[in-house]
Amino acid sequence: MEQVNGDTLAAARKVVAVHINYPSRAAQRGRTPAQPSYFLKPSSSLALSGSPVERPAGCELLGYEGEIALVIGKAARRVSMEDAWNHVAAVTASNDLGVYDLRWADKGSNLRSKGGDGFTPVGPALIPADAVDPSQLRIRTWHNGDLVQDDTTEDLLFPFARLVADLSQLLTLEEGDIILTGTPAGASVAKPGDVLEVEVGTLDGALTSGRLVTTVEQGTTAFAEFGAQPKVDDLQREEAYGSREAAGLPAPKPALSAELKAKLESVATATLSSQMRKRGLNNVSIDGLQATRPDRRVVGLARTLRYVPNREDLFKTHGGGFNAQKRAIDSVNEGEILVMEARGEKGTGTVGDILALRAQVRGAAAIVTDGGVRDYTAVAGLEMPTYFANPHPAVLGRRHIPWDTDITIACGGATVQPGDIIVADSDGILVIPPAIAEELVEDCIQQEKEETFIFEMVKQGNSVDGLYPMNAEWRAKYREWGGNND
């Protein structure tokens, strides 16, 4: 096979990189894009296998990302997806290197952080594009000999032909141009002295690019004061290493701690509603729904999904494939509650048995929709509760287009934001602003203790006059009974 050489690098007038393309990376980042997005790397960042890369002086986070590079073989302008692969000459290995220390100054361009000399090594060998199935390739990365990335192109969010066709809608891809097609989970940070290797090949191992080798060196020339200076924080460390744990950072305090969750589970929604009303919050109930598991009480953080009314031309572009509904289901996390805005439309289903099961497998605490549910018997048979308007046999596309996720929505007459606390029991469903949850639940616990006392006194034959609510005399008796002094 032909080797990548200086002529290969010289022929690349531009390098285009894709942000997120592998489901494993999307899951790691916690976001799944609906469409591919891109950034440019200068051709001067290209380097051959065996070339060193410098971690600039003053920088801490040199990130590496093993990627499959496409080398354009003939100009592509407004090509179809069916024809797009014919414009690719070869595939090879690449490493999308960058320093997270300069991301703050880039404002999204990635020019400073990913455009440095040597930040895009490619090679060593070119695999002819017409000799491979682009959906049957394997990408692997080693860090100091340890395999850290290993994935295939079988289930990419955006297949390679789509990337070529999509880019060609706006700009001409020229012969020699290079497209970096995204990295799988496992990308991390390299330090001076580390050795990085990336290899691309067919799934059967018959064809391979060989290992692209890059050694990290420490830069010694400091950035001048007239330019942006390196700067990092814990967020950038987490992004660079892939997780807080990998970065050696303490786990963040959860928005819904186990202690707070247990307290919210211990009080009735009626009590929570009463306390929120005292705080001027009257429009916080999701109304008009029934439950598959009315015996269950659930507490969790909201994830949101919005449907818009069906319009046939828009359903063609937003309704199929890995649409917003499937992205929401496939990204809901342990203990979260997926809340759907269906505009109270009861004439079709908004979730069925397969997607509800997927949400349960991912650990979702519940699904809440103010629309219909398909496959009701199967959905009702799941351990995870679903709150819904009514059963309906029709498919989603009859009335809805899945449009967007993790945005502010309306459901059952209430506004719900991502991260709101949802509490549901047989009395109803409430939306609790997280900022007041700690104080709110403590007042609820106190209220229910008082109501237990009042209930016992009424049971003993006492009149509610002066007892409910308690006057000074009854409050003194309450303190004697064991209630709090206030």
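First, a word on scope: everything that follows refers to the structure included in this document.

What follows deals with the overall build of the chain. Secondary structure assignment for the chain yields 15 helices and 29 strands. If one aligns the C-alpha atoms of the chain with their principal axes, the spans along those axes are about 95 × 55 × 40 Å. Scored against the burial criterion, the 486 residues of the chain give a buried share of 49%. Pairs at least 24 apart in sequence give 77% of the contacts found in the chain among residues at least 6 apart. Split by element, the accessible area of the chain, about 22100 Å² in all, is 50% carbon and sulfur. Side chains of the chain give 49 positive and 66 negative charges; the mean places of these two sets differ by 4 Å.

Turning our attention to the packing of aromatic side chains. Across all of its chains, the model carries six aromatic pairs by this definition. Pairwise contacts between aromatic rings join Phe453, Trp474, Tyr478 and Trp481 into one cluster. Lying over the aromatic face of tryptophan 142, arginine 211 brings its terminal NZ or CZ to 3.5 Å of the ring centre.

Residue glycine 123 is joined to proline 124 through a cis peptide bond whose omega torsion reads 0°. Note that proline 124 resides in strand 9 (residues 120-128). Looking along the chain, the bond that leaves tyrosine 468 and enters proline 469 is cis, with omega of 5°. Inspection of the secondary structure assignment puts proline 469 in the loop between helix 14 (437-459) and helix 15 (472-481). The residue asparagine 144 is not glycine, and still its phi comes out positive at about 50°. Summarising the element assignment, asparagine 144 is placed in the loop between strand 10 (137-143) and strand 11 (146-152). Take asparagine 144: its relative accessible area is 42%, and that puts it in the partly exposed class.

Another aspect to go through is helix 11 (residues 324-331). With respect to burial, helix 11 is a largely interior element, six of its eight residues being buried. Inspection of helix 11 places Ala324, Gln325, Arg327, Ala328, Ile329 and Ser331 among the buried residues, and these make up the whole buried set. Here the buried face of helix 11 lies against strand 18 (298-309), strand 19 (337-341), strand 20 (349-351), helix 12 (353-361), strand 21 (366-369) and strand 25 (400-405). Here helix 11 starts with a cap whose side-chain oxygen sits 3.1 Å from the backbone nitrogen of glutamine 325, and that cap is asparagine 323.

Mapped onto the fold, aspartate 177 is located in the loop between helix 6 (160-168) and strand 12 (178-180). A distance of 2.8 Å separates a polar atom in the side chain of aspartate 177 from the backbone nitrogen of glutamate 174. For aspartate 177, the residues in contact, after removing those within four places along its chain, are Ala11, Ala12, Arg13, Lys14, Leu70, Val71, Ile72 and Thr172.

Between helix 9 (residues 269-278) and helix 14, the least distance of the axes is 9 Å, while the angle of their chain directions is 120°. Taken as axis vectors, helix 9 and helix 14 run oblique relative to one another. The two elements helix 9 and helix 14 cross, and the hand of that crossing is right-handed. Every residue of helix 14 that contacts helix 9 at Thr271, Leu272, Ser274, Gln275, Met276 and Lys278 is listed here: Leu440, Asp443, Cys444, Gln447, Glu448 and Glu451. Considering only residue class, the contact of helix 9 with helix 14 consists of four nonpolar, four polar and four charged.

About the thresholds
- Residues numbered from 1 in each chain as written.
- Predicted model: local features only at pLDDT ≥ 70, side-chain atom pairs only at ≥ 80, totals over all residues.
- Heavy atoms only, no water.
- Helix = DSSP H or I, 4+ residues; strand = E, 2+ residues; numbered from the N terminus.
- Buried < 20%, exposed > 50% of the residue type's maximum accessible area, 1.4 Å probe, protein only.
- Contact = heavy atoms within 4.5 Å.
- Areas by Shrake-Rupley, 256 points an atom, 1.4 Å probe, with all protein chains shown as cover.
- Lys, Arg positive; Asp, Glu negative; His and termini not counted.
- Charge placed at Lys NZ, Arg CZ, Asp CG, Glu CD.
- Phe/Tyr/Trp six-rings, centres within 6.5 Å; stacked < 30°, edge-to-face > 60°.
- Lys NZ or Arg CZ within 6 Å of the ring centre and 35° of its normal.
- Polar contact = N/O pair within 3.5 Å; in protein donor to acceptor, adjacent residues only side chain to side chain.
- Axes fitted to C-alpha atoms, helices over the stretch in contact; angles between N-to-C directions.
- Parallel < 35°, antiparallel > 145°, perpendicular 65-115°, else oblique.
- Left-handed = near helix turned anticlockwise from the far one by under 90°.
- Nonpolar A, V, L, I, M, F, W, Y, C, P; charged D, E, K, R; others polar.

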